[in-house]
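Single-letter residue listing:
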Amino acid sequence: MPLKRLLWALPTLLGVLVVVFVLLRVAPGDPIAMMIGPGATPDDVLALRALYGFDKSLSAQFFIYLGQAALGHFGQSITLKQDVLDLVMVHLPLTLELSALALGIAVLLGGAAALAAVSFRGSLLERGIDVATGFITAIPDFLWGLAGILFLGVLLPVLPVFGLLDSSLRFDSVTGFVLLESLVRGRFDVLGSALYHMLWPALSLALPLAAMIARVLKASLLEVLAQDYILVAQVKGFSPWQVLWREALRNALGPALTLTGVQFTFLIGGTVLIERLFGLPGLGNMAIDAVINRDLPLIQGIVLTFAVLFIAVNLAVDVLNTRINPKLRT
């Protein structure tokens, strides 16, 4: 099944590329007019159009771009005058680290809430968790970010709300993965500062996902706990925690894992607004600048990168599901 999904990824990426390519070129606004100076002559405009291939027909532009993309060339940014692939590779690591940190927080919070609610069924704690998860789910991630900026950054300035590192620190990252690289290189001051700056952005992304994980995992656990083999385990003398951890949890992970994988793709997309709010130099922040400046090659490269990430996450979820549930292997 993973091989089939991998083969289906190619037409999926092609479809995404076609839609984005056409929409960007039929949308109002001229990228050449935005980048050229007020004193430019008509010949200058024509020269720039020829340089970026905008003088050709739409179909010719697409097939030229498709051929170059197949070779790993995604064009040059109109505004930044740099190779699109180089720009993506510079800014992508921070987005991946922020998304991974948010996912880890969401899994821990959501899993703990679900286990606590199931362990104390019928109690005030369970009702409180249900109310809290419903409330958190109703609030989007960017509103959590704005609330954090207001309360934790302005009214009670206990967390930094802009940038990635303290202004006193200097760290020349080679890979762009600041958290991982600072840990490997023993720069714990940089690691602590980066985590401190990324804490609320990651929490803003994680809270809605954690609430959904808690609700789905709780429902799945309650369904599993009603099965006959759970009764057999209880008869054998297993404690409630042994029944929950050894018998129920693994069989209940399937729906929660599928939800986490699907929602993780939305979490990656949510980094666009969160990075902008907190001034983090990730791919999402650069995507907003590219859209504002009508930088077509950069927008295409970023959208294609997000599409690859979405497909990779869904493929990983399929593989994990088949590992957890042997019935899916057939």
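Our structure is the block above this text.
Residues numbered from 1 in each chain as written. Predicted model: local features only at pLDDT ≥ 70, side-chain atom pairs only at ≥ 80, totals over all residues. Heavy atoms only, no water.

## Here's the deal with the nonpolar core
With 61 residues, the main nonpolar core has Leu98, Leu164, Leu283, Leu298 and Ile302 as its most contacted residues. When residues of this core are traced back to their parent elements, those giving at least two are helix H1 (2-26), helix H4 (58-70), helix H5 (84-119), helix H8 (178-184), helix H9 (188-225), helix H11 (240-278), helix H12 (283-292) and helix H13 (296-324). Considering every element that reaches this core, the biggest residue donor is H9, with 12 residues. By size, the runner-up hydrophobic cluster in this structure holds 15 residues, among which are Leu225, Ile230, Ala233 and Ala248. (Core = buried A, V, L, I, M, F, W, Y, C linked by side-chain atoms within 4.5 Å. Buried < 20%, exposed > 50% of the residue type's maximum accessible area, 1.4 Å probe, protein only. Helix = DSSP H or I, 4+ residues; strand = E, 2+ residues; numbered from the N terminus.)

## Some words on the pattern of salt bridges
Tallied over the full model, the rule gives 5 salt bridges. In this structure, Arg187 and Asp189 form a salt bridge, with 3.1 Å as the shortest nitrogen-oxygen distance. Residue class for Arg187 comes out partly exposed when judged on its relative accessible area of 26%. Linked through salt bridges whose partners overlap, the residues forming this network are Glu126, Asp130 and Lys218. (Salt bridge = Lys/Arg side-chain N within 4 Å of Asp/Glu carboxyl O.)

## Topic: H4
Every α-helix winds through 3.6 residues per turn, so residues three or four apart in the chain are directed the same way. Here H4 spans 18 Å end to end across 13 residues, near enough to the 18 Å set by a 1.5 Å rise per residue. Taken together, the buried positions of H4 are Gln61, Phe62, Tyr65 and Ala69. Seen from one end, H4 has its buried residues packed into an arc of 95°, which puts them on one side. For H4, exposure combined with an orientation more than 90 degrees from the buried face picks out Phe63 and Ala70. Just beyond H4, the residue with positive phi is Gly72, at close to 90°. (Expected span 1.5 Å × (residues − 1). Arc of directions from axis to C-beta.)

## Considering the packing of aromatic side chains
Evaluated as defined, the whole model comprises 5 aromatic pairs. Centre to centre, the rings of Phe21 and Phe62 are 5.3 Å apart; their planes meet at 75°, and the pair counts as edge-to-face. Taken together, the positions of Phe21 in helix H1 and Phe62 in helix H4 put the pair 41 residues apart, joining distant regions of the chain. For Phe62, a relative accessible area of 13% gives the class buried. On the basis of an interplanar angle of 85° and a centroid distance of 6.4 Å, the ring pair of Phe135 and Trp144 is categorised as edge-to-face. By way of ring pairs, the aromatic residues Phe21, Phe62, Phe63 and Tyr65 are connected into one cluster. (Phe/Tyr/Trp six-rings, centres within 6.5 Å; stacked < 30°, edge-to-face > 60°.)

## Side note on the side chain of Ser77
Tracing the backbone through its elements, the reader meets Ser77 in the loop between H4 and H5. A polar contact of 2.5 Å, which involves the side chain of Ser77, links it to the side chain of Asp295. Sequence-distant contacts of Ser77, that is, excluding residues within four places in its chain, are made with Tyr52, Gln82, Val84, Leu87, Asp295 and Leu298. (Polar contact = N/O pair within 3.5 Å; in protein donor to acceptor, adjacent residues only side chain to side chain. Contact = heavy atoms within 4.5 Å.)

## Some words on the environment of Met198
As for its position among the elements, Met198 is in helix H9. As for Met198 and Glu275, which are separated by 77 residues in sequence, their C-alpha atoms are 9.7 Å apart.

## Structural notes on the side chain of Glu126
Along the chain, the position of Glu126 falls in helix H6 (residues 124-137). Of the residues examined, Glu126 reaches a relative accessible area of 12% and is grouped as buried. Here the side chain of Glu126 touches Gly122 through a polar contact of 2.5 Å, landing on its backbone nitrogen. In terms of polar contacts, Glu126 uses its side chain to reach the side chain of Lys218, at 2.9 Å. If near-sequence neighbours (up to four positions away) are discounted, Glu126 is found in contact with Ala117, Phe120, Arg121 and Lys218.

## A word on the packing of helix H7 (residues 141-155) against H11
Remark: H7 packs on H11, axes separated minimally by 9 Å, with the N-to-C direction vectors making an angle of 15°. What the angle tells us is that H7 and H11 run roughly parallel. When the axes of H7 and H11 are compared, the crossing they make is right-handed. On the side of H7, the interface is formed by Asp141, Phe142, Gly145, Leu146 and Ile149, while H11 contributes Gly270, Leu273, Ile274, Leu277 and Phe278. Of the residues that constitute the contact of H7 with H11, the class distribution is 7 nonpolar, 2 polar and 1 charged. (Axes fitted to C-alpha atoms, helices over the stretch in contact; angles between N-to-C directions. Parallel < 35°, antiparallel > 145°, perpendicular 65-115°, else oblique. Left-handed = near helix turned anticlockwise from the far one by under 90°. Nonpolar A, V, L, I, M, F, W, Y, C, P; charged D, E, K, R; others polar.)

## Things to note about the packing of H5 against H12
Their axes nearest at 7 Å, the elements H5 and H12 cross at an angle of 130°. Compared by their axis directions, H5 and H12 come out oblique. Side by side, H5 and H12 meet where Leu87, Val88, His91, Leu92 and Thr95 of the first sit next to Leu283, Gly284 and Met286 of the second.

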